[in-house]
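Structural overview for review
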Amino acid sequence: MKLTPTPAQTVGPFFGYALPYVGGAALVDRTHPGALRLHGTVYDGDGAPIPDAMIELWQPDQQGRVSQEPGSLRRDGYTFTGWGRAAVDMVGHYSFTTVEPGSMGEGRAPYFLLTVFGRGLMDRLFTRVYLPESSAALEQDSLLASVPESRRSTLLATRESGGDLRFDIHLQGELETVFLAYPNTPQVTGPVD
Amino acid sequence: MAHKSTHPDAAVNSQAEIDAEVSGIHSAYRAQRDGGGEEETNARLNFPPYRSSLLRHPTKSLHHADPEGIELYSPAFGHRDVSPVEADLTIQHNGEPIGERIIVTGRVVDGDGRPVAGQLVEMWQANAAGRYMHKRDQHPAPLDPNFTGVGRTLTGPGGEYSFTTIKPAPYPWKNHHNAWRSAHIHFSLFGTDFTQRIVTQMYFPGDPIFDLDPIYQSITDQAARDRLVATYDHSVSQHEWNTGYRWDIVLSGSNRTWAEEDEEH
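Quick caveat, the model's predicted, so the values are computed rather than measured.

Once that is clear, we can look at the overall build of chain A. Scanning chain A from terminus to terminus reveals 3 helices and 10 strands. N-terminal to C-terminal, the α/β element order of chain A is β-β-β-β-β-β-α-α-α-β-β-β-β. Over its C-alpha atoms chain A spans a radius of gyration of 17 Å, differing by no more than 12% from the 16 Å that the globule rule assigns to 193 residues. When the 193 residues of chain A are sorted by exposure, 55% land in the buried category. Put simply, chain A shows about 7,800 Å² of open surface, and 52% of that area lies on carbon and sulfur atoms.

Structure, rendered in structure tokens:
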């Protein structure tokens, strides 16, 4: 018998003293070879930045390996755990120091995974962040292929001149980010196409 | 239609206006259910009586994705991440915190009823006066120098967790005029893969504010709402020490193939 999952509730405005932790936004040290910034701003439906959102990042390492080394919450400066957490600042901006994810299989497009939390969001939102290069892999990606062309760009990061990656998140509006639903996760109702 | 201000400090609507909106949404849901519509088991992303959701809920359907690669894993947490004392929120400071000492305990299982073992559970809450240790909480209730309101633990082999803490109080918020939140404890859970990640809230049985709280009421189905309410459990209460509550948490059915290696940690 399948059990019904526990419903979600908003992270609320007051997670700020509880969930962020020291070094949470640094998956690697900024001096690490290949270190880059993955950053962006979280916007609401009016295009206003949200000052109380929180972002979590999941990713494989540069070789496409998934770390299962414990220690995700206590940064030791050496272990790459592939996970980070960052609260946005007063102007809705988040920033991670990390490395590019490697491909997890021949010809497969590498991507970061983000989870978005915030006051006013009754449930977390999932999305993928693809690297803007390697168009061959991007074309073959089954998820990207299934997203209407007009919205695909919302899943692509922008490469900045210094090599950093920018990924803005729009909860609503014309540029609304494509958020993902997985099988077996409780359905959320409300949004309509 | 009444004006819906999205500013968090606006408080333009009365409780009666909010109640009427909630009640309209709930009756529409019940009618739809009675007509053979689908049971809703989760909160609504778009729930206008909770004003902050208006500009923050996606307006397009969530896009179906099949988990692959990194999505089949969760971050790894271990005993070097979490100290056992972090599960007791009453011993983090020099003195005893003010309020009713409680133990909140339960099991974390997946949709197939399998224990979710060795996983990080984080929780945070207001103190016994309804005040958070947060610079943006300006509610004029006292802070307790002996209570921060943050706890962490790892689930045991059977998925069990336990926190010793102080019963939080209701507190006012600015969703509408005279808005009060039901007393609650926030929980954050990871599960065994990316798709199981949830943040939720545990409530206390018999709270008089349930019907007035649009965040709690954003779950339109009564059976689903009940899943967030703990049970008073006298066997968890201890003589001359604490009262006890039990609350089990079900994460979404695991997408990951069950392998023997999973049983080892």
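Overall, the coordinates contain 25 aromatic pairs over all chains when judged by the stated rule. Consider the rings of Phe-210 of chain B and Tyr-216 of chain B, whose centres lie 4.4 Å apart with planes at 20 degrees: the pair is stacked. By the burial criterion, Phe-210 of chain B is buried, and Tyr-216 of chain B matches it. Site record: aromatic cluster; members linked through ring pairs are Tyr-21, Trp-58, Trp-83, Phe-126 and Tyr-182 of chain A together with Phe-77, Phe-190 and Phe-194 of chain B. Lying across the ring of Trp-241 of chain B, Arg-101 of chain B places its NZ or CZ 3.5 Å from the centre. Over the face of the ring belonging to Trp-173 of chain B we find Arg-181 of chain B, whose NZ or CZ atom lies 5.9 Å from the ring centre.

This part covers the UniProt feature "domain: Intradiol ring-cleavage dioxygenases" (unreviewed entry) in chain B. Taking the UniProt record as the reference, the feature "domain: Intradiol ring-cleavage dioxygenases" (unreviewed entry) is found at residues 104-132 of chain B. For the annotated span residues 104-132 of chain B, helix accounts for 0% and strand for 41% of the residues, and the straight-line distance between the end C-alpha atoms is 19 Å.

Residue and element names in this part refer to chain A. Among the 6 residues in strand 2 (residues 53-58), 6 count as buried, and that is most of the element. Side chains Ala-53, Ile-55 and Leu-57 project from strand 2 onto one buried face, and the interleaved Met-54, Glu-56 and Trp-58 project onto a second face that is buried too. In this sheet, strand 5 (residues 111-118) lies alongside strand 2 in antiparallel orientation, the contact comprising 6 bridges. Looking across to strand 5, one finds that Leu-57 is bridged to Leu-114.

All right, on to the sheet that holds strand 8 (residues 184-189) of chain B then. For sheets, the rule is that strands pair by backbone hydrogen bonds, running either parallel or antiparallel. Residue and element names in this part refer to chain B. On the basis of which strands lie adjacent, the open sheet formed by 4 strands has the order 4-3-8-9 and antiparallel pairing. Edge positions in the sheet fall to strand 4 (150-154) and strand 9 (198-203), since each has one partner strand and no second. Put simply, the sheet's adjacent strands are angled 20 degrees from each other on average, direction ignored. In this sheet, strand 8 lies alongside strand 3 (residues 120-125) in antiparallel orientation, the contact comprising 5 bridges. Bridge pairing in strand 8 places Trp-124 opposite His-186.

Here we come to the side chain of Asp-221 of chain B. All names here are of chain B. You can see Asp-221 is positioned in the loop between strand 9 and helix 2 (222-226). Within the local environment of Asp-221, its side chain forms a polar contact with the backbone nitrogen of Ala-223, the two atoms lying 3.0 Å apart. Excluding anything up to four places from it in sequence, Asp-221 contacts Tyr-29, Glu-39 and Glu-40.

A separate point is the UniProt feature "domain: Intradiol ring-cleavage dioxygenases" (unreviewed entry) in chain A. In the numbering used here, UniProt assigns the feature "domain: Intradiol ring-cleavage dioxygenases" (unreviewed entry) to residues 32-104 of chain A. In this annotation, residues 32-104 of chain A is assigned 0% helix and 34% strand; the end-to-end C-alpha distance for the span is 21 Å.

A few words now on empty space enclosed by the protein. A probe as big as a water molecule, rolled over the atoms, marks out the empty space that is left. In this structure the tally under the stated criterion is 4 cavities of 30 Å³ or more. What lines the largest cavity is Trp-58, Gln-59, Val-66, Ser-67, Gln-68, Thr-81, Gly-82 and Trp-83 of chain A together with Ile-70, Tyr-73, Ser-74 and Pro-75 of chain B. Its residues assigned to classes, the lining of the largest cavity shows 6 nonpolar, 6 polar and no charged. Here the second largest cavity defines a volume of roughly 40 Å³. Together, Gln-9, Thr-10, Val-11, Phe-117, Gly-118, Leu-121, Met-122, Asp-123 and Arg-124 of chain A together with Val-199 of chain B line the second largest cavity. When the residues that make up the lining of the second largest cavity are grouped by side-chain class, the tally is 5 nonpolar, 3 polar and 2 charged.

Moving on, we get to the side chain of Arg-131 of chain B. Residues and elements named next belong to chain B. Note on placement: Arg-131 falls in the loop between strand 3 and strand 4. No salt bridge is formed by the buried Arg-131; the nearest opposite charge belongs to Asp-137, separated by 4.0 Å. Among the polar contacts listed, one links the side chain of Arg-131 to the backbone oxygen of His-139, at a separation of 3.1 Å. A polar contact is formed between the side chain of Arg-131 and the backbone oxygen of Ala-141, at a distance of 2.9 Å. In this structure, Arg-131 is in contact with Ala-126, Asp-137, Gln-138, His-139, Ala-141, Pro-142 and Leu-143, ignoring residues within four places of it in sequence.

Turning to the interface of chain A and chain B, a few remarks are in order. Listed per partner, the contact involves 82 residues of chain A and 87 residues of chain B. Summed over both partners, the interface of chain A with chain B buries about 7,900 Å², with 57% contributed by carbon and sulfur atoms. Connecting chain A to chain B are 10 salt bridges. A salt bridge links Asp-112 of chain B to Lys-2 of chain A; the nearest nitrogen and oxygen atoms lie 2.7 Å apart.

This brings us to the pattern of salt bridges. Throughout the structure, instances matching the rule amount to 26 salt bridges over all chains. The residue Arg-119 of chain A makes a salt bridge to Asp-52 of chain A at a minimum N-O spacing of 2.7 Å. With Arg-119 of chain A in the loop between strand 5 and strand 6 (125-130) and Asp-52 of chain A in the loop between strand 1 (36-43) and strand 2, this residue pair connects regions lying 67 residues apart in the sequence. In terms of burial, Arg-119 of chain A and Asp-52 of chain A fall into one category: buried. Arg-197 of chain B serves as the salt-bridge partner of Glu-56 of chain A, at 2.7 Å between the closest nitrogen and oxygen. Here Arg-197 of chain B lies in the loop between strand 8 and strand 9 and Glu-56 of chain A lies in strand 2, a pairing that spans two chains. Just as Glu-56 of chain A is buried, Arg-197 of chain B falls in that class too. Taken together, the salt bridges that share partners define one network made up of Lys-2 of chain A together with Asp-110, Asp-112 and Arg-114 of chain B.

Rules used throughout
- Residue numbers here run from 1 along each chain, matching the order of that chain's written sequence.
- Starting at A for chains and at 1 for ligands, labels are handed out in the order in which the entities are written.
- For this predicted model, a pLDDT threshold of at least 70 governs which residues receive local features, and a threshold of 80 or more governs which side-chain atom pairs are given and counted, while totals over whole chains, interfaces and linings are taken from all residues.
- Calculated side-chain values reflect all of the structure's heavy atoms, with hydrogen atoms and water omitted.
- Helix numbering and strand numbering both begin at the N terminus, where a helix is a DSSP run of H or I of at least 4 residues and a strand a DSSP run of E of at least 2.
- Computation of the radius of gyration draws on C-alpha atoms, with the globule rule given as 2.2 Å multiplied by the number of residues to the power 0.38.
- Only protein chains enter the accessibility calculation, which uses a 1.4 Å probe; a residue is then buried when its area is under 20% of its type maximum, exposed when over 50%, and partly exposed in between.
- The Shrake-Rupley method, run with a 1.4 Å probe sphere, supplies the accessible areas, and residue values consider only the shown protein chains as cover.
- Aromatic rings from Phe, Tyr and Trp, taking only the six-membered ring of Trp, are treated as a pair when their centres fall within 6.5 Å; an angle between ring planes under 30 degrees marks them as stacked, one over 60 as edge-to-face, and anything in between as tilted.
- Placement of a positive charge over a ring is assigned whenever Lys NZ or Arg CZ falls within 6 Å of the ring centre and within 35 degrees of the normal to the ring plane.
- UniProt positions are given in the numbering used here, feature names are shortened, and annotations may be inferred rather than shown by experiment.
- In this analysis, strands are considered paired if DSSP registers two or more bridges between them.
- Note on geometry: axes are C-alpha line fits, over the in-contact stretch for helices, and angles between N-to-C directions span 0 to 180 degrees.
- Identification of polar contacts relies on pairs of N or O atoms within 3.5 Å, with a donor-acceptor requirement for protein atoms, meaning one able to donate a hydrogen and the other able to accept it, and with residues adjacent in sequence counted only if both atoms are side-chain atoms.
- Contacts between residues were defined by any pair of non-hydrogen atoms, one from each residue, lying within 4.5 Å.
- A pocket here means an open set of points on a 1 Å grid, computed over the protein atoms alone, that has protein on both sides within 12 Å along at least five of seven lines. A cavity is instead a set of points where a 1.4 Å probe fits but cannot get out; residues with an atom within 4 Å of a point line either one.
- Grid points are joined across faces, edges and corners, and a volume is the space filled by probe spheres set on the points.
- Three classes are used: nonpolar for Ala, Val, Leu, Ile, Met, Phe, Trp, Tyr, Cys and Pro, charged for Asp, Glu, Lys and Arg, and polar for all others, with Gly counted as polar.
- For this count, His and the chain ends are skipped, Lys and Arg are scored as positive, and Asp and Glu as negative.
- For this document, the term salt bridge refers to a Lys or Arg side-chain nitrogen within 4 Å of an Asp or Glu carboxyl oxygen.
- Two parts placed together each lose some accessible area under a 1.4 Å probe, and adding up what both lose gives the buried area.

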